[in-house]
Amino acid sequence: MRAKIVAGNWKMNKTVSEGAQLVEELKSGLAKVDASDVTVVVSPTYVSLSEVVKIAAGSLVNVAAQNVHQEANGAYTGEISADMLKSVGVGYVIIGHSENRTTGETDLIINKKIKSSINNGLKIIFCIGETLLQRKKKLTHKILKNQISKGLKGVKKLNKVLFAYEPVWSIGTGIVPKANDLEKNVNFIRNNLSNKFRLKNPKILYGGSVNTKNVKNLKEINIIDGFLIGAASQDPKKFIDIVKKTFN
Ligand code: 13P
């Protein structure tokens, strides 16, 4: 069986104490799970990162930041750089989330963020995906190809990049693509990475309305290496249930 990754994206939810409690519950819940092939990742907000890193130390839980600034330092009020993330002990960073793309994050910015994060020893969860309108216009593959080629332009150490295919119309809507659609698109991403970037075995996650009910069907699509989960990752019981169902 392929090793699987289950990553939770808390988005702008959880205070520091709520986040700490969630991770404590995850730790004890996951200790009871046979999780030899599991990589579990949580993504708190910036303000909770160092607390969550402390609590997660020595457990199965890895910690990701939800974003990063593309520059190393300087006059960027309110922003956080990759070496700052590294300094709090974060292992991963989510880059290119559609919620940030819609507020002005361009492919060029994403590309700079990926480079800066790799230079600082972080692993990347690089999000790509088409909007509903793009899908209706049958532009999905064109969009995915474009996001990949611009996002990865000139990036070295591509083995540090995990991919998250998140169709925008699936995020927070309860709508999940049909299995054959999902397979087709993930295969397209795989082939594109293989042909254009010589990436032979990239890890590709699916994200968008994954929950405790649909995860069993989704995990049957064995070209997917795991999930990036929003809402259901904010409830420890649901998240642990998804981890269990992903591996059993
Ligand atoms: P939902 O699981 O809430 O649809 O969110 C998915 C997502 O955006 C993960 O990054």
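So, here's what we can say about the structure. These numbers were taken from a predicted model, which means no experiment stands behind them.

## Thoughts on the site of the ligand
Around the ligand, the structure places 13 residues, and the nearest of them are Lys 11, His 97, Gly 172, Ser 209 and Gly 230. At 2.8 Å from an oxygen atom of the ligand is found a side-chain nitrogen or oxygen belonging to Lys 11. Taking Ala 231, its main chain carries an N or O atom lying 2.9 Å from an oxygen atom of the ligand. Relative to its free-state accessible area of 310 Å², the ligand is covered by the protein chains to the extent of 96%. Looking at side-chain class alone, the shell around the ligand contains 4 nonpolar, 7 polar and 2 charged residues.

## With respect to empty space enclosed by the protein
Inspection of every chain in the model, using the stated rule, returns 1 cavity of 30 Å³ or more. Considered as a void within the structure, the largest cavity measures approximately 40 Å³ in volume. The set of elements that each furnish at least two residues to the lining of the largest cavity consists of helix H4 (98-101) and strand S5 (123-128). Across the lining of the largest cavity, the residue classes tally to 3 nonpolar, 4 polar and 2 charged.

## Topic: the nonpolar core
With 62 residues, the main nonpolar core has Val 42, Ile 114, Phe 126, Leu 152 and Val 161 as its most contacted residues. Sequence-distant contacts of Ile 114, that is, excluding residues within four places in its chain, are made with Ile 95, Ile 124, Phe 126, Gly 151, Leu 152, Val 155 and Val 161. Residues Ala 7, Val 41, Cys 127 and Leu 162 belong to the second largest nonpolar core, which totals 12 residues.

## A word on the packing of helix H7 (residues 140-151) against helix H8 (residues 179-197)
Contact pair H7 / H8: the axes reach a minimum separation of 10 Å and the direction vectors enclose 40°. One way to sum up the angle between H7 and H8 is to call them oblique. When you trace H7 past H8, the crossing you get is right-handed. On H8, the residues touching Thr 140, His 141, Leu 144, Lys 145, Ile 148 and Ser 149 of H7 are Lys 184, Asn 185, Phe 188, Ile 189, Asn 192, Leu 193, Lys 196 and Phe 197.

## Quick look at the sheet that holds strand S1 (residues 4-9)
Spatial ordering of the closed barrel is given by S1-S2-S3-S4-S5-S6-S7-S8, a layout of 8 strands whose pairing is parallel. In this sheet, adjacent strand axes meet at a mean angle of 25° when their direction is disregarded. The sheet contacts of H8 involve S5, strand S6 (161-165) and strand S7 (204-207), and relative to S6 the element is tilted by about 150°.

## Some thoughts on unusual backbone geometry
The residue Arg 198 is not glycine, and still its phi comes out positive at about 55°. In this structure, Arg 198 sits in the loop between H8 and S7. Take Arg 198: its relative accessible area is 71%, and that puts it in the exposed class. Non-glycine residue Ser 209 carries a positive phi angle of around 60°. The buried category is assigned to Ser 209, whose relative accessible area is 17%.

## Regarding helix H1 (residues 16-31)
Between its first and last C-alpha atoms H1 spans 23 Å; for 16 residues at 1.5 Å apiece the expected length is 22 Å, and the two agree. On its buried face, H1 is in contact with strand S2 (38-43), helix H2 (49-56), strand S3 (61-65) and helix H10 (236-247).

## Some details on the environment of Gly 172
Within the secondary structure, Gly 172 is located in the loop between S6 and H8. Sequence separation between Gly 172 and Val 210 is 38 residues; the distance between their C-alpha atoms is 9.1 Å.

## So, the pattern of salt bridges
This structure, assessed with the given rule, holds 8 salt bridges. The partner of Lys 11 in a salt bridge is Glu 99, with the nearest N and O atoms 2.8 Å apart. With Lys 11 in the loop between S1 and H1 and Glu 99 in helix H4, this pair connects stretches of sequence that are 88 residues apart. Among the salt bridges present, the one from Arg 190 reaches Asp 225, with a minimum N-O distance of 2.8 Å. Taken as a pair, Arg 190 in helix H8 and Asp 225 in the loop between helix H9 (215-219) and strand S8 (226-229) lie far apart in primary sequence, 35 residues in all. For the residue pair Arg 190 and Asp 225, the accessibility class agrees, reading buried in each case. If you follow the salt bridges from partner to partner, you end up with Arg 135, Asp 181 and Lys 184 in one network.

Rules and cut-offs
Residues numbered from 1 in each chain as written. Predicted model: local features only at pLDDT ≥ 70, side-chain atom pairs only at ≥ 80, totals over all residues. Heavy atoms only, no water. Near = heavy atom within 4 Å. Polar contact = N/O pair within 3.5 Å; in protein donor to acceptor, adjacent residues only side chain to side chain. Areas by Shrake-Rupley, 256 points an atom, 1.4 Å probe, with all protein chains shown as cover. Nonpolar A, V, L, I, M, F, W, Y, C, P; charged D, E, K, R; others polar. 1 Å grid on protein atoms, 1.4 Å probe; cavity = no way out; pocket = protein on both sides within 12 Å on 5 of 7 lines; lining within 4 Å. Points joined across faces, edges and corners; volume = space filled by probe spheres on them. Helix = DSSP H or I, 4+ residues; strand = E, 2+ residues; numbered from the N terminus. Core = buried A, V, L, I, M, F, W, Y, C linked by side-chain atoms within 4.5 Å. Buried < 20%, exposed > 50% of the residue type's maximum accessible area, 1.4 Å probe, protein only. Contact = heavy atoms within 4.5 Å. Axes fitted to C-alpha atoms, helices over the stretch in contact; angles between N-to-C directions. Parallel < 35°, antiparallel > 145°, perpendicular 65-115°, else oblique. Left-handed = near helix turned anticlockwise from the far one by under 90°. Pairing = 2+ DSSP bridges. Expected span 1.5 Å × (residues − 1). Salt bridge = Lys/Arg side-chain N within 4 Å of Asp/Glu carboxyl O.

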